[in-house]
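# Residue-level structure breakdown
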Amino acid sequence: MKTFNRILGLSLAAVALFASCTKETHTYEPGKPANSAKHDVYFAASNDATVVLSPSATSFTVTLERSSDNLDAIEVPVESWVSAEGLLEVPSKISFASGAATAELEVKVLDGLEMFTNYQANIKLAEEFTNPYLDNKNYPQYGFVFYKEDYEVVGVGEYEDLFWYEDSWEQPIEYSKILDQYRLSDVWTVGSGFTFKWDGESSKVTLPSAGIATGVYHPDYGYITATPVAAQTAYVAKYNAIQFMFKWTVSAGSFGDKPNILYLP
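Here the structure is a predicted model, which means the values were calculated and not measured. (Residues numbered from 1 in each chain as written. Predicted model: local features only at pLDDT ≥ 70, side-chain atom pairs only at ≥ 80, totals over all residues. Heavy atoms only, no water.)

Turning to the pairing of strand E11 (residues 167–176), a few remarks are in order. Pairing analysis gives 9 bridges linking strand E10 (residues 152–161) to E11, with the strands arranged antiparallel. For glycine 155, the partnering residue across the bridge sits in E11 and is isoleucine 173. With 3 bridges joining them, E11 and strand E12 (residues 181–185) adopt antiparallel strand pairing. If you follow glutamate 174 over to E12, its bridge partner there is arginine 183. Connecting E11 to the next strand, E12, in antiparallel fashion are 4 residues, including aspartate 180 with a positive phi near 50°. (Pairing = 2+ DSSP bridges. Helix = DSSP H or I, 4+ residues; strand = E, 2+ residues; numbered from the N terminus.)

What the rule picks out here adds up to 4 salt bridges. Linking glutamate 174 and arginine 183 is a salt bridge whose minimum nitrogen-to-oxygen distance equals 3.0 Å. Take glutamate 174: its relative accessible area is 12%, and that puts it in the buried class. Judged by relative accessible area, which is 16%, arginine 183 ranks as buried. Its salt-bridge partner being lysine 247, residue aspartate 257 comes within 3.1 Å of it at the nearest N-O pair. Taken together, the residues span a long stretch of sequence, with aspartate 257 in strand E19 (residues 253–263) and lysine 247 in strand E18 (residues 241–250) at a distance of 10 residues. Exposure remark for lysine 247: the relative accessible area of 35% places this residue in the partly exposed category. A network of salt bridges, in which partner residues are shared, links Glu149, Glu174 and Arg183. (Salt bridge = Lys/Arg side-chain N within 4 Å of Asp/Glu carboxyl O. Buried < 20%, exposed > 50% of the residue type's maximum accessible area, 1.4 Å probe, protein only.)

The next thing to look at is the pairing of E19. In terms of strand pairing, E10 meets E19 through 4 bridges, oriented antiparallel. Bridge pairing links glutamate 160 to isoleucine 261 in E19. Alignment of E18 against E19, held across 10 bridges, turns out to be antiparallel. Bridged to phenylalanine 244 within E19 is asparagine 260. Where E18 folds back onto E19 in an antiparallel hairpin, the turn is made up of 2 residues.

Quick look at unusual backbone geometry now. Excluding glycine, residues mostly have negative phi values, and the peptide bonds linking residues are mostly trans. Even without being glycine, aspartate 180 reaches a positive phi, approximately 50°. By the element assignment, aspartate 180 lies in the loop between E11 and E12. A relative accessible area of 43% places aspartate 180 in the partly exposed class. Positive phi is not limited to glycine here, since aspartate 186 has a value of about 50°. Counting through the fold element by element, aspartate 186 comes out in the loop between E12 and strand E13 (193–198).

Quick look at the confidence of the model for the protein chain now. Per-residue pLDDT for the protein chain has a mean of 88; in total, 83% of the residues score no lower than 70. In this model, residues 1–22 is a region of pLDDT below 50 whose contacts with residues beyond four sequence positions or in other chains number 0 contacts. (pLDDT = per-residue confidence, 0-100. Contact = heavy atoms within 4.5 Å.)

This paragraph deals with the packing of aromatic side chains. Under the definition given, this model contains 25 aromatic pairs. Ring geometry for phenylalanine 163 and tryptophan 164: centres 6.2 Å apart, planes at 45°, overall tilted. Residue phenylalanine 163 is classed as buried on the basis of its relative accessible area, which comes to 11%. According to the relative accessible area criterion, tryptophan 164 is partly exposed, its value standing at 32%. Across the ring face of tyrosine 151, the terminal group of arginine 183 is positioned such that the distance to the ring centre comes to 3.9 Å. (Phe/Tyr/Trp six-rings, centres within 6.5 Å; stacked < 30°, edge-to-face > 60°. Lys NZ or Arg CZ within 6 Å of the ring centre and 35° of its normal.)

Listed below in structure tokens is the structure:
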């Protein structure tokens with residue numbers, strides 16, 4: 001009997017302990033209502049998703065807009081996130097002057113940025129000054145990629161694709177003094193392109209050895225990759241042109257080697 005009472009007592013104590021451990025108190029804190037002041041502030045569509053900075057850049061601006069329903073002078077709290085410390089200094093608020101439908105947020109560029117390195121950031125407006133429920137493209141936050149580089153357009157050539165498009169078009173030619181190399185951007189599709197090295201005189205032209213994502217989609221075989229063929233890539237003085245030889249491949253195999261040609265200005 002004593003043994004039974006001892007076991008029963010221990011069981012009741014365990015239940016009481018479990019109940020005391022699992023009991024929690026939750027406090028509900030309602031969020032601030034969106035656009036309660038009827039300002040409808042948002043980031044302008046003109047802000048670029050990629051912010052390219054020169055080596056000497058110390059700041060850049062972000063444009064904000066608001067609806068015309070209420071154009072009182074206001075200060076909107078701002079929150080920000082940056083992928084690493086020591087890169088950007090974002091103000092904690094943005095001011096709209098009375099009657100102004102737009103405002104500029106100046107973001108300072110700090111010394112922590114390394115050249116040719118991509119970083120990410122996000123800037124968010126206080127909810128009570130925004131209306132995220134509208135069926136439009138007025139967004140209460142702005143996410144972007146930013147980096148420093150010294151590429152500049154040094155001329156416009158004619159680019160001829162003898163593989164996929166079998167056509168030619170004007171192609172801006174960019175050059176970086178720091179890297180001492182050229183770049184062709186948005187070649188086959190927006191965002192595609194490649195870099196190359198050339199001394200401006202000799203026939204030797206050097207391309208990266210890795211395959212280049214063209215962004216071109218074959219309806220039967222998927223995305224096409226252009227892998228440089230070094231032995232057949234060269235500057236041809238007779239035509240003042242650079243022949244870029246590529247092996248064109250998909251996951252199922254290769255279409256073979258066919259050139260693209262850049263006729264220099």
